[in-house]
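Working through the structure, step by step
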Amino acid sequence: MAADVLYTPVNLLGVVAELNLPGQANRVLWMLMEQQEAGGRCVFQQAKLAEKLGISRSSITVALAALDTARLVYRPDGGYKSYQLNPMISGYRTPADAWDAIEAMNPDDRLDDDHFITNYKTRLAGQNAARDDRRRRTLLSIAG
């Protein structure tokens, strides 16, 4: 079966460069984009994704968490077998399909929002502060 040629409405390179994603997140994102169905759905188990990329499953988990924080990849069913690309970077069969998906988006998730990068950095800082606080509390409970 021949692969579908998909139309992607946004050039992602500039956004990814500004996000400065950690670790293997870029590789995971590109693999998901390569394997997506029309509309941005990706069916991949984390273990299979790790094997295909030659990295650990924990690296996949960290990468997917970073992509979720960046609002580039979602887990629509809360599970670990399917992922959904942000509609603005998903591939579509027609520009009209892309436009319909983008119009249905949460405005905060749009990559063309003037505050998208700032909002990402704010979310990331909040997550880092919460992680540091959990670590600090764990260390205090061990020491005490």
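Here, every reference points to the structure presented above.
In this report, the structure presented in the accompanying data block is examined. (Residues numbered from 1 in each chain as written. Predicted model: local features only at pLDDT ≥ 70, side-chain atom pairs only at ≥ 80, totals over all residues. Heavy atoms only, no water.)

With respect to the side chain of Gln-36
The following threshold applies: We count a stretch as a helix when DSSP gives it H or I for four or more residues in a row; a strand needs E for two or more, and each element gets its number in order from the N terminus. Any pair of nitrogen or oxygen atoms within 3.5 Å is treated as a polar contact; in protein, a donor-acceptor pairing is required on top of that, and neighbouring residues in sequence qualify only through side-chain atoms on both sides. In this description, contact between two residues means that some pair of their heavy atoms is separated by no more than 4.5 Å.
Turning to its location among the elements, Gln-36 is positioned in the loop between helix H2 (25-35) and strand E1 (41-43). Engagement of the side chain of Gln-36 in a polar contact is seen with the backbone nitrogen of Gly-40, the distance being 3.4 Å. Here Gln-36 is in contact with Leu-6, Arg-41, Cys-42, Leu-85, Ile-89, Ser-90 and Gly-91, once residues within four sequence places are set aside.

Thoughts on the nonpolar core
To be explicit about the condition: Among the buried residues, those of types Ala, Val, Leu, Ile, Met, Phe, Trp, Tyr and Cys that are joined through side-chain atoms within 4.5 Å form a nonpolar core. Burial classes follow relative accessibility: with a 1.4 Å probe on protein chains only, a residue under 20% of its type's maximum area counts as buried, one over 50% as exposed, and anything between as partly exposed.
Grouped together as the largest cluster of nonpolar side chains are 35 residues, with contacts concentrated most on Val-28, Leu-29, Leu-32 and Leu-72. Contributions of two or more residues to this core are made by helix H1 (13-19), H2, helix H3 (46-53), helix H4 (57-69), strand E3 (82-85) and helix H6 (116-143). Among the elements that make up this core, the one with the highest residue count is H2 (six residues). Non-local contacts of Leu-72, meaning those with residues more than four positions away in its chain, are made with Leu-12, Leu-19, Leu-21, Leu-29, Leu-67, Gln-84, Leu-85, Asn-86, Ile-89 and Leu-111.

Remarks on the sheet that holds E3
Note the threshold: Being paired, for any two strands, means DSSP has found at least two bridges between them. Axis geometry follows a simple rule: fit a line to the C-alpha atoms, using only the stretch in contact for helices, then measure angles between N-to-C directions, giving values from 0 to 180 degrees.
The sheet built from three strands is open, its strands ordered E1-E3-E2 with antiparallel pairing. Two strands in the sheet have a free side with no partner beyond their single neighbour: E1 and strand E2 (73-74). By the bridge criterion, two bridges tie E2 to E3 in an arrangement that is antiparallel. Considered in E3, the bridge of Tyr-74 is made with Gln-84. Packing of H2 onto the sheet brings it into contact with E1, E2 and E3, and relative to E3 it is tilted by some 90°.

Focus: the environment of Arg-93
Within the secondary structure layout, Arg-93 lies in the loop between E3 and helix H5 (95-103). Taking the C-alpha atoms as reference points, Arg-93 and Ala-50, separated by 43 residues in sequence, lie 28 Å from one another.

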